[in-house]
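Chain and residue survey
So the chains spell out like this:
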Amino acid sequence: MKVLIAEKPSVAQSIAAIVGANNRREGYLEGNGFAVTWAFGHLVGLAMPQDYGITGFQAENLPILPAEFKLLPRQVKDGKEYKPDAGALKQLKVIRELFNKSDLIINCCDAGREGEAIFRYIYNYLECRKPFDRLWISSLTDSAIRNGLENLRSGKEYDNLYASAKARSQADWVVGINASQALSISAGYGVWSLGRVQTPTLAMICNRYLENKEFKPQTYFQVKLHTAKDATQFAAISTERYDTKQDADTILERIRSSESVSVVNVETKQGSQEPPLLYDLTTLQKEANSRHSFSADKTLSVAQSLYEAKLISYPRTGSRYISDDVFAEIPTLIGQLSNHASFGNYAKTLSGASLNRRSVNDKKVTDHHALIITENTPKDISADQRIIYDMIAARLLETFSGKCTKENTSVSLDASGVSFSVKGSIILIPGWRAVLNAPDEEKGEDDAPALPNLSNGDVLSIHGTDLLEKQTKPRPLHTESSLLSSMETCGKDLTNEEEREALKDSGIGTPATRASIIETLFSHEYIAREKKSLVPTNKGLVVYLAVQSKKIADVSMTGEWERALNSIEKGEMDADTFHRGIEVYAAQITTELLGTKIEGGGNRRESCPCPKCKNGQVVFYQKVAKCQNEACGLTVFRNKSGKDLTDGQLKDLLTKGKTGTIKGFKSKENKSFDAAVAFDEAYKTVFEFPPKNKKRK
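Residues numbered from 1 in each chain as written. Predicted model: local features only at pLDDT ≥ 70, side-chain atom pairs only at ≥ 80, totals over all residues. Heavy atoms only, no water.

This part covers the environment of Gly31. As for its placement among the helices and strands, Gly31 is situated in strand S3 (residues 28-31). The buried category is assigned to Gly31, whose relative accessible area is 10%. Through-space distance from the C-alpha of Gly31 to that of Val19 is 8.1 Å; in sequence the pair is 12 residues apart. Here Gly31 is in contact with Val19, Gly20, Ala21 and Asn23, once residues within four sequence places are set aside. (Helix = DSSP H or I, 4+ residues; strand = E, 2+ residues; numbered from the N terminus. Buried < 20%, exposed > 50% of the residue type's maximum accessible area, 1.4 Å probe, protein only. Contact = heavy atoms within 4.5 Å.)

By secondary structure assignment, the location of Arg74 is in the loop between strand S6 (71-73) and strand S7 (75-78). According to the relative accessible area criterion, Arg74 is partly exposed, its value standing at 27%. Along the chain, Arg74 and Val542 lie 468 residues apart, while their C-alpha atoms are 32 Å from each other. Aside from chain neighbours lying at most four places away, what touches Arg74 is Phe40, His42, Leu43, Val44, Lys83, Pro84, Asp85 and Ala88.

By size, the foremost hydrophobic cluster in this structure holds 93 residues, and its most contacted members are Phe99, Ile122 and Phe578. Once residues lying within four places of it in the same chain are set aside, the contact partners of Ile122 are Ile5, Ala39, Leu43, Val44, Leu92 and Ile95. In terms of nonpolar packing, the next biggest core, distinct from the first, is built from 58 residues, Leu135, Leu284, Val326 and Leu371 among them. (Core = buried A, V, L, I, M, F, W, Y, C linked by side-chain atoms within 4.5 Å.)

Turning to the sheet that holds strand S13 (residues 232-238), a few remarks are in order. The strand order S12-S13-S16-S15-S14-S17 describes a closed barrel built from six strands, whose pairing is antiparallel. For this sheet the average axis-to-axis angle between neighbouring strands, irrespective of direction, equals 35°. The pairing of strand S14 (residues 260-273) with strand S17 (residues 459-471) spans three bridges and is classified as antiparallel. In the sheet register, Val261 faces S17, and the bridge partner there is Leu460. Docked against the sheet, helix H7 (residues 245-257) engages strand S12 (219-229), strand S15 (404-415), strand S16 (418-429) and S17, running at close to 170° with respect to S17. (Pairing = 2+ DSSP bridges. Axes fitted to C-alpha atoms, helices over the stretch in contact; angles between N-to-C directions.)

Right, let's get into the side chain of Ser102. Considering the arrangement of structural elements, one finds Ser102 in the loop between helix H2 (86-101) and strand S9 (104-108). Here Ser102 falls in the buried class, since its relative accessible area comes to 6%. If sequence neighbours within four positions are ignored, Ser102 has contacts with Met1, Val3 and Lys130.

Put simply, helix H1 (residues 9-19) and helix H4 (residues 142-150) touch, their axes get as near as 10 Å, and they point 70° apart. The pairing of H1 with H4 is recorded here as roughly perpendicular in orientation. In terms of crossing hand, the pair formed by H1 and H4 is right-handed. From H1, Ser14, Ile15, Ile18 and Val19 reach across to H4, where they touch Asp142, Ile145, Arg146 and Leu149. (Parallel < 35°, antiparallel > 145°, perpendicular 65-115°, else oblique. Left-handed = near helix turned anticlockwise from the far one by under 90°.)

A cluster of nonpolar side chains, contributed by Ile426, Leu428 and Ile429, occupies part of the molecular surface with about 240 Å² of accessible area. Tracing the backbone through its elements, the reader meets Leu428 in strand S16. Its relative accessible area of 41% is what places Leu428 among the partly exposed residues. (Patch = residues over 30% accessible without salt bridge, like charges linked within 9 Å, V, L, I, M, F, W, Y side chains within 5 Å. Areas by Shrake-Rupley, 256 points an atom, 1.4 Å probe, with all protein chains shown as cover. Salt bridge = Lys/Arg side-chain N within 4 Å of Asp/Glu carboxyl O.)

Take unusual backbone geometry next. A negative phi holds for most residues other than glycine; trans holds for most peptide bonds. Put simply, Leu62 and Pro63 share a cis peptide bond, and its omega is -5°. Topologically, Pro63 is positioned in the loop between strand S5 (44-46) and S6. Even without a glycine there, the phi angle at Asp230 is positive, about 55°. Mapped onto the secondary structure, Asp230 falls in the loop between S12 and S13. With a phi angle near 60°, Lys531 is a residue other than glycine that sits in the positive phi range. Within the secondary structure, Lys531 is located in the loop between strand S18 (527-530) and strand S19 (533-536). Taking relative accessible area as the criterion, Lys531 reaches 85% and is therefore assigned exposed.

Moving on, we get to empty space enclosed by the protein. This model, assessed by the stated rule, comprises two cavities of 30 Å³ or more. Approximately 60 Å³ is the volume found for the largest cavity. Lining the largest cavity we find Val11, Ile15, Cys108, Cys109, Asp110, Ala111, Leu135, Ile137, Leu140 and Tyr307. (1 Å grid on protein atoms, 1.4 Å probe; cavity = no way out; pocket = protein on both sides within 12 Å on 5 of 7 lines; lining within 4 Å. Points joined across faces, edges and corners; volume = space filled by probe spheres on them.)

As structure tokens, then:
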């Protein structure tokens, strides 16, 4: 008998239908010489410290570094204790009996690192020694399953993939257990959670949040000039920014006294935009968040359901490319979209056309190719499923379409010696943009969609002027979309598609795990959503402030580990070498964290009513004072220009609106100055300087 084991019951049913195992049994399907059973995700996992005889949180037990990791059935919490999940034990018994009866075992778990770990942990826990084959497919369509079963591979071919999966699992255990226990011991109260990827991700959110809150906007002014040619009106903006309104008013009066503006230079260039690459999971999650406010976890869940419904290819992919053999199927898939309600007419225009091959590259296809639709047409699917399916279908059409050709114009003008500029853009050939009539994201806020035909030397009448008062802006708070980008590129802010692709191997987390990492931060109440933005909670900030300078929060080091795990998967690095490095690191962070004093620990903190929201209490921590009302979030940093505010000075600021005069601040030029610290109207801190003493006669 051949025993096939899938990751989920729904996938097992799809496989059973193909092999003719139509008789339902307790925990499996049987027939035609096959038994098809299933896991329920991670049925078996790494044992916890108590299973090694280590109970409670004791500094002398750290670091905990098992010589051999134990595997146990999935555990569930029962009061303060953990016990085996009865459902997991029952299914493991079924799998054990089937393995014992089998002539051949076929691993049909999801074709990726996690799927490999799920099967191997079950296989090893049951102490099975029988050889097994691997079903490796990129979609669950009937034809893909049949083709995969006809081309089974030896399980040994995936030993490196399992080595990588096991190394990742054990590294997360070693780092998470030791870091969490060490910080909890230091705090002296509560249980604090830290993790190999979780903590650097929290650090990115907190860094951006604190940078945004501390940002002091600078006001500047520009002059806007209105003119026209051939009945086409347009506006130009002064190229220079003016720091004071007085300077700007002087320029404005000069422009208003002028009757005309001259065109100094016109540059027109024709450019083209390549179509975007196909989606991988991270790019799909980012765009679903930006366009539809879907969380990363929701996008993955919906995509997984479409995969199991045989409508899209394997979603947990990190590749944005397809191979030549998959490219041969693309014309058929495009033809299938000709009846689509939104972009069916466009799909018809690609019939018989020469398709763009930008996303076709055998060498850049990893375990799975990019996300594409399958030959099955969706019928009764939910609204959320329709959104994700249509995104993948539209991207398929865009990717294989022609370039978008544009004419970009930059114009320099002069009015009474003041320089102005304006840019315009005209789409000559929409190309791939015609699929969804996608907006041109390269345009700036002051760009005109189109300009009249201008020539050097043109003299145009001025129809009006405006004085624009603007402020410099901080980088925006992270959304899930921008956070996924930062995780993918190890915190580097990159907009270039090729540069992002090049850094994928050194990002933190993987496409399959990033959503769960973000959800873990929510479940620990370390972060919260404010509309589309991600902000740290008080609890999250406390953790961040405790570990921000520690190795556990180092984003680049975590990225290097991900690169190492990829090397193990490729057979280029030894897993034992990696694990020894993780053990050394765990010992280092344990020492660091045991010497850390977590803010808000043990001692009662000073506090006072919040002047901003009037409802919350502002609690004084070592480095900040923060309102406990999450909806308010008033944050005051103690350090101002090289000097820390005392609790008394903070209390004066919060209750009276300003401190007394404080001596010894340092300017950027390292000059000493005295000032009071006060709140402005937006509850940002500003300096108020004492009046200068009049000289005695």
